[in-house]
Each structure stands twice: as C-alpha cells, then as structure tokens.
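# Overview (structure and organization)
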Amino acid sequence: MTAETLPAALAEIRKDFLELDEPERLQLLLEFSRELPAMPSEYADHPERTERVAECQSPVFIVVEVGGDSPTAQSPVAMHAAAPAEAPTTRGFASILAQGITGLTAEQVLAIPADYPQSLGLTRAVSPLRIAGMTGMLMRAKRQVQARLDAA
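A brief structural summary. From a predicted model like this one, the values you see are computed outputs, not experimental measurements.

Here is what the cut-offs are and how they apply
Every chain is numbered on its own, with residues counted from 1 as its sequence reads. Totals for whole chains, interfaces and linings use every residue, but because this is a predicted model, local features are given only for residues with pLDDT of at least 70 and side-chain atom pairs only at 80 or more, for both listing and counting. Side-chain descriptors were evaluated using all non-hydrogen atoms of the structure, hydrogens and water having been removed beforehand. Only DSSP runs of H or I covering at least 4 residues are called helices, and only runs of E covering at least 2 are called strands; the numbering of each starts at the N terminus. Radius of gyration means the value over C-alpha atoms here, while the globule rule gives 2.2 Å times the residue count to the 0.38 power. Per-residue accessibility, obtained with a 1.4 Å probe over protein chains only, is compared with the maximum for each type, and a residue is labelled buried under 20%, exposed over 50%, and partly exposed between these values. It only takes one pair of heavy atoms within 4.5 Å for two residues to be counted as in contact. In this charge count, Lys and Arg are treated as positive and Asp and Glu as negative; neither His nor the chain ends contribute. Working definition for charges: the position is that of NZ of Lys, CZ of Arg, CG of Asp or CD of Glu. Throughout this description, the term nonpolar core refers to a set of buried Ala, Val, Leu, Ile, Met, Phe, Trp, Tyr and Cys residues connected via side-chain atoms within 4.5 Å. Multiplying one less than the number of residues by 1.5 Å gives the expected span of a helix. DSSP-based pairing: two strands are paired if at least 2 bridges between them are found. For helices, the fitted axis covers only the stretch in contact; all axes are lines through C-alpha atoms, and the angles between them, taken along N-to-C directions, range from 0 to 180 degrees. What the arc covers is the set of directions going from the helix axis to the C-beta atoms.

Take the overall build of the protein chain next. The secondary structure content of the protein chain amounts to six helices and three strands. Mapped in sequence order, the helices and strands of the protein chain form the string α-α-α-β-β-β-α-α-α. Over its C-alpha trace the protein chain gives a radius of gyration of 15 Å, about what one expects of a compact globule, namely 15 Å for 152 residues. Seen through its principal axes, the protein chain has C-alpha atoms that stretch 45 × 35 × 20 Å. Counting the 152 residues in the protein chain, one finds 47% classified as buried. In the protein chain, the proportion of contacts linking residues at least 24 apart, taken out of those at least 6 apart, comes to 67%. Across the protein chain, the mean location of the 13 positive side-chain charges is 5 Å away from that of the 20 negative side-chain charges.

Written as structure tokens, this is what we have:
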C-alpha cells in the first residue's frame, strides 16, 4: 500500500505514526483515544442502531452514515464509534477510523486497503488481537457503506 492509494486524512495519520519511534507511536495512539468524537445521541440513546465489533476484545460499537436519501458512490460518509475509556488502544483505533473516514465519499471508503491497520507501524507495539480488532472495525465500516449503497 502506498500513501497515494489512501485518502488524504488516512495517509496523514499513517505518516504521523511512521515518523515516530515505537514508544511515541503508543503515545500518539493514546492521544487519538482521547479524541474519539462522542457518539451522536440518536445512536448513543439507541444502541440497537449500532453494530458491535465482535473482533474487538473490548465492547466497541460503530455505525456508518452515508449521506442523502439515495446514497451514491459520491455521497459523504460519517463514521461514529463508541469504545470504553478503559480500553485506550481499542478506543484509539476507533478514533483513527472515525476521524479518517468521516468526510470521505462512499467510493473512497470502499477503496481503503484492508491492510491499513497493519501499515501504522504498531504491529510490534500492540497485540495481534488489537490489530485484528481495528481490521474488524474497518471491514465492518466498509460493509455498512456497501449495504447502504445496495439499499439505495
């Protein structure tokens, strides 16, 4: 995967991680965990509208909105996630995806390489289960985008 194949926001996040030494990467991940946007009340008050990410050890819930009544490949996407504060690694991964995906078009989200989580330079710093959790979040987000397009 090259930076050119990534949307700008995700490429910038990836670059920020790779410019740091491993211990500093963990600190940046912790910073992302603190920046996870709050789940909008329409989902926080109705968790049944969200999807549990079973690949995550911690309880993580996501929902992806694809703009408009009849979404197209060019419709804007917003990803929302909820993860417990006591799971900062998982929360950091959710924040990276929520911040990196929100504002992209559906087409751009579907084109995000599946190995994006492995490209952040964290595979030696966090457990494979945590990386698998982020991969699960990404795959579920992409599946939700495709489902919204298919339903339009």
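What follows concerns the nonpolar core. Of all hydrophobic cores here, the largest spans 40 residues; its most connected members are Phe17, Phe93, Ile96, Ile101 and Tyr116. The biggest single contributor to this core is helix 6 (residues 128–151), with seven residues. Every residue in contact with Phe93, bar those within four places of it in the chain, is listed here: Leu29, Leu122, Val126, Arg130, Ile131, Met134 and Met137.

A few words now on the environment of Leu20. Tracing the backbone shows Leu20 in the loop between helix 1 (8–18) and helix 2 (22–34). Classification of Leu20 by relative accessible area gives partly exposed; the value is 25%. The spacing of Leu20 and Gly121 is 101 residues in sequence and 9.1 Å in space, taken between C-alpha atoms. What Leu20 contacts, discounting residues up to four positions off in sequence, is Arg25 and Leu28.

With that out of the way, let us pick up the side chain of Thr105. Along the chain, the position of Thr105 falls in the loop between helix 4 (88–101) and helix 5 (106–110). Among all residues touching Thr105, those that are not within four sequence positions of it are Ala73, Gln74, Ser75, Pro76 and Val77.

Below, the discussion takes up helix 4. For helix 4, spanning 14 residues, the distance from its first C-alpha to its last is 19 Å, which sits close to the expected 20 Å at 1.5 Å a residue. Of all 14 residues in helix 4, 11 are buried, a share of seventy percent or more. Among the residues of helix 4, those classed as buried are Thr90, Arg91, Gly92, Phe93, Ala94, Ser95, Ile96, Leu97, Ala98, Gly100 and Ile101. Against helix 1, helix 2, strand 3 (77–82), helix 5 and helix 6 lie the buried residues of helix 4. Positive phi appears at Gly103, one or two residues downstream of helix 4, with a value of about 100°.

As a further point, take the sheet that holds strand 2 (residues 61–66). Read from one edge of the open sheet, three strands run 1-2-3, paired in antiparallel fashion. If you trace the sheet from one side to the other, it starts and ends with strand 1 (51–52) and strand 3, each paired once. Bridge analysis of strand 1 against strand 2 gives two bridges, and the strand direction is antiparallel. Bridging from a neighbouring strand, Glu51 pairs with Ile62 of strand 2. Contacts between helix 6 and the sheet are confined to strand 1, strand 2 and strand 3, with strand 2 contributing the most and set at about 35° to the helix.

Next up on the list: helix 1. Residues Leu10, Ala11, Ile13, Arg14 and Phe17 constitute the buried set of helix 1. Down the axis, helix 1 shows its buried residues gathered within 160° of arc, on one side only. If you follow the buried residues of helix 1, they end up packed against helix 2 and helix 4.

Strand direction decides the pairing type here: strand 2 and strand 3, joined by six bridges, are antiparallel. Within strand 3, the position partnered with Phe61 by the bridge is Ala82.

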